[in-house]
Amino acid sequence: MKRRDAHTACGKTRRPRCSIPASSLFHDIHEECGVFGAFDHPEASNLTYLGLYALQHRGQEGAGICSSDGKQLFIEKSMGLVADIFTEKRLKRLPGYLAIGHNRYSTAGSSVLKNVQPIVANFALGSLALAHNGNLVNAAELRAELEDEGAIFQSTSDSEVVVHLIAHAKGDDPYDRIIQALNRVSGAYSLLILREKELIAVRDPHGVRPLCLGKVDGAYVVASETCALDLINAEYVRDVEPGEMLIINEKGLRSVRVFSNGRRAHCVFEFIYFSRPDSSIFGYRNVNEVRKEFGRQLARELPVDADIVIPVPDSGVPAAIGFSEESGIHFDFGLIRNHYVGRTFIEPKQSIRHFGVKIKLNPVKKLLEGKRVVVVDDSIVRGTTSKKIVKMIREVGGAREVHVRISSPPTIAPCFYGIDTPTRQELIAFSHMVEEIKKYITADTLAYLSLEGLKKIVPDSGDFCTACFDNDYPIGFPGEHFEQMEMLFR
Ligand code: AMP
């Protein structure tokens, strides 16, 4: 396929500026995460464990919980899945009435225990633990500066920069020190801080990642998504507002507006792919509903003559339902997913056709044989999944035609605010026209949701970050080169 210098779906190619010391290029600042916290509950650690369990989709590499009994902090963290890490014995080692927890995902190279959060540190005003969802875009510069001043970092995670900045801040007021620290960082953060007797929740001024407040048995809980509240029977109270700091302690709940209202930039990809469909985010809008609307809009924009609509499970399910409802084309599960696939599996010596994808997904031949099939997924990143799926639907499932419909616009730019995307060069839609991608994935037709269509569906679309689709980054980068920024995030 022909490569192009210009991408296909966006006019602007804004190149943020960046000059970052080479020594900092190895720092891992590439994370997708989930956070949960509870205050004033006798089972704070158990609730946090359950909250993290519900947020497992936000990060599967490692998890940790830090609790407090009002006098000291207790921490347990490991690589792996929440349910495997937190045995009853381990949860018993987390006493107290307040706790925070964190699920972490990172790229393979940096999957090490030292990067698993919460990060616990002692500073002039006592102990604190910190759990962070999102990415800071100026972490490498700040880290280099702090290292120059003699700071010794324990991890390669960007979140540790915040801890050091709090420690370096001046004064006796802990909240003011946190504010001083946050005034220096730029990027996305939904942040939980635990001190001996209080829980502090802060959201960046743009509100990039979700964060909500709930209540259960009179106790406050804070979570990345409402699905974590549902599991513990907590009622949703409200979102933590962009730029807001919530201080929850024995005096109750206090809200401090840390940053004045700037441009909101909620991550639209949370609606498209990342959040769980049963969650309601960004002003309590249900993710499943929005995804179904994307599917409806897609069917309106690009109708197709077909016999059956099938989703790529699980990511394409709500949009495929919406597509079917709007188009009147029958919906069914034409691909069945094996939910128990681990990261690695032993492939037999004798090669099996389509093995890589068949281990996860199997077509239902009875449904697909001889049919004109519309297959709906939420996004194409590198194009490898779609290519394999289309081939399998045709060759194994026996479909007569395969029409691919994607419920988001072409992904043309990487995310620097906390979604795991590869560099532009690896994003197929950065360098290829839709027609070329269609040929590459061997589909009969391929269509993406338009950016205008997406913005029609998302409420107050001006409040959203759509950088991965239009290259318009709402939070600027330090320095000179976009390419350096990409290197940092790989
Ligand atoms: P690809 O094969 O690289 O085109 O990947 C496309 C598939 O990856 C789609 O089925 C998406 O649902 C899924 N996907 C999109 N974004 C992400 C992400 N940030 N992390 C993991 N999977 C993703």
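Going by the structure above, here's the rest.
Residues numbered from 1 in each chain as written. Predicted model: local features only at pLDDT ≥ 70, side-chain atom pairs only at ≥ 80, totals over all residues. Heavy atoms only, no water.

A. Seen up close, the overall build of the protein. Per the secondary structure count, the protein includes 18 helices and 23 strands. Looking at the protein residue by residue over its 490 residues, the buried ones come to 60%. Taking the intrachain contacts of the protein between residues at least 6 apart in sequence as the baseline, contacts between residues at least 24 apart amount to 71%. For the protein, the accessible surface area stands at approximately 19600 Å², while carbon and sulfur atoms represent 50% of it. (Helix = DSSP H or I, 4+ residues; strand = E, 2+ residues; numbered from the N terminus. Buried < 20%, exposed > 50% of the residue type's maximum accessible area, 1.4 Å probe, protein only. Contact = heavy atoms within 4.5 Å. Areas by Shrake-Rupley, 256 points an atom, 1.4 Å probe, with all protein chains shown as cover.)

B. Inspection of the packing of helix α4 (residues 139-148) against helix α5 (residues 159-168) at higher detail. The contact between α4 and α5 brings their axes to 10 Å, and the two run at 45 degrees. Classified by the angle between their axes, α4 and α5 sit oblique to one another. Judged by the sense of rotation from one axis to the other, the crossing of α4 with α5 is left-handed. Residues A139, L142, R143 and L146 of α4 touch α5, and the partners they reach there are V161, H164, L165 and H168. Grouping the amino acids of the contact of α4 with α5 by side-chain chemistry returns five nonpolar, two polar and one charged. (Axes fitted to C-alpha atoms, helices over the stretch in contact; angles between N-to-C directions. Parallel < 35°, antiparallel > 145°, perpendicular 65-115°, else oblique. Left-handed = near helix turned anticlockwise from the far one by under 90°. Nonpolar A, V, L, I, M, F, W, Y, C, P; charged D, E, K, R; others polar.)

C. Spotlight on the site of the ligand. Around the ligand, the structure places 15 residues, and the nearest of them are D377, D378, R382, G383 and T385. Within the side chain of E32, a nitrogen or oxygen atom sits 3.3 Å from a nitrogen atom of the ligand. Between an oxygen atom of the ligand and a side-chain N or O atom of S315, the distance comes to 3.2 Å. Relative to its free-state accessible area of 500 Å², the ligand is covered by the protein chains to the extent of 83%. Elements supplying a minimum of two residues to the shell around the ligand: α8 (268-274) and α13 (384-395). Grouping the amino acids of the shell around the ligand by side-chain chemistry returns five nonpolar, five polar and five charged. (Near = heavy atom within 4 Å. Polar contact = N/O pair within 3.5 Å; in protein donor to acceptor, adjacent residues only side chain to side chain.)

D. View of the packing of aromatic side chains. Enumeration according to the criterion identifies 15 aromatic pairs in this entry. Consider the rings of F331 and F333, whose centres lie 5.2 Å apart with planes at 85 degrees: the pair is edge-to-face. Seen in terms of ring centroids, F416 and F477 are 4.8 Å apart; in terms of plane orientation they differ by 80 degrees. Their pairing is edge-to-face. Here F416, found in the loop between β21 (401-406) and α14 (428-431), pairs with F477, found in the loop between α17 (467-470) and α18 (482-488); they are 61 residues apart in sequence, far enough to count as distant. Using a relative accessible area of 1% as the deciding quantity, one classes F416 as buried. Connected via pairs of aromatic rings, a cluster forms that spans F416, Y417, Y473 and F477. Here the basic side chain of R254 rests over the ring of Y175, its NZ or CZ set 5.5 Å away from the ring centre. Above the ring of Y440, the side-chain terminus of K387 is found at 4.3 Å from the ring centroid. (Phe/Tyr/Trp six-rings, centres within 6.5 Å; stacked < 30°, edge-to-face > 60°. Lys NZ or Arg CZ within 6 Å of the ring centre and 35° of its normal.)

E. A look at the pairing of strand β7 (residues 190-195). Among the six residues that make up β7, six are buried, leaving the element largely enclosed by the rest of the structure. Neither face of β7 is left uncovered, since the one carrying S190, L192 and L194 and the one carrying L191, I193 and R195 both have all their residues buried. Pairing analysis gives five bridges linking strand β6 (residues 126-133) to β7, with the strands arranged antiparallel. Each bridged residue has a counterpart across the sheet, and for A129 the counterpart in β7 is L194. When β7 meets strand β8 (residues 198-203), the two strands line up antiparallel, connected through six bridges. By the bridge assignment, S190 is partnered in β8 with R203. Adjacent in sequence and paired antiparallel, β7 and β8 are bridged by two residues. (Pairing = 2+ DSSP bridges.)

F. Representation of the environment of V240 in the model. As for its placement among the helices and strands, V240 is situated in the loop between β11 (235-239) and β12 (244-249). Classification of V240 as buried rests on a relative accessible area of 0%. With 39 residues separating them along the chain, V240 and A201 place their C-alpha atoms 7.8 Å apart. Ignoring any residue separated from it by four or fewer positions in sequence, one finds V240 in contact with R203, L211, C212, V222 and L246.

G. How the structure looks around empty space enclosed by the protein. Scanning the model with the defined rule gives four cavities of 30 Å³ or more in all. In this structure, the largest cavity encloses a volume near 110 Å³. What lines the largest cavity is a set of 14 residues, among which C267, F269, C415, I419 and C468 lie closest to the centre. Among the residues forming the lining of the largest cavity, the class breakdown is eleven nonpolar, two polar and one charged. Roughly 50 Å³ of internal volume is contained in the second largest cavity. What lines the second largest cavity is simply V312, V375, V376, D377, S386, I389, V390, V404 and I406. Secondary structure elements with two or more residues in the lining of the second largest cavity: β20 (372-377), α13 and β21. Each residue belonging to the lining of the second largest cavity can be placed in one class, and the counts come to seven nonpolar, one polar and one charged. (1 Å grid on protein atoms, 1.4 Å probe; cavity = no way out; pocket = protein on both sides within 12 Å on 5 of 7 lines; lining within 4 Å. Points joined across faces, edges and corners; volume = space filled by probe spheres on them.)

Purely geometric numbers; function is a separate question.
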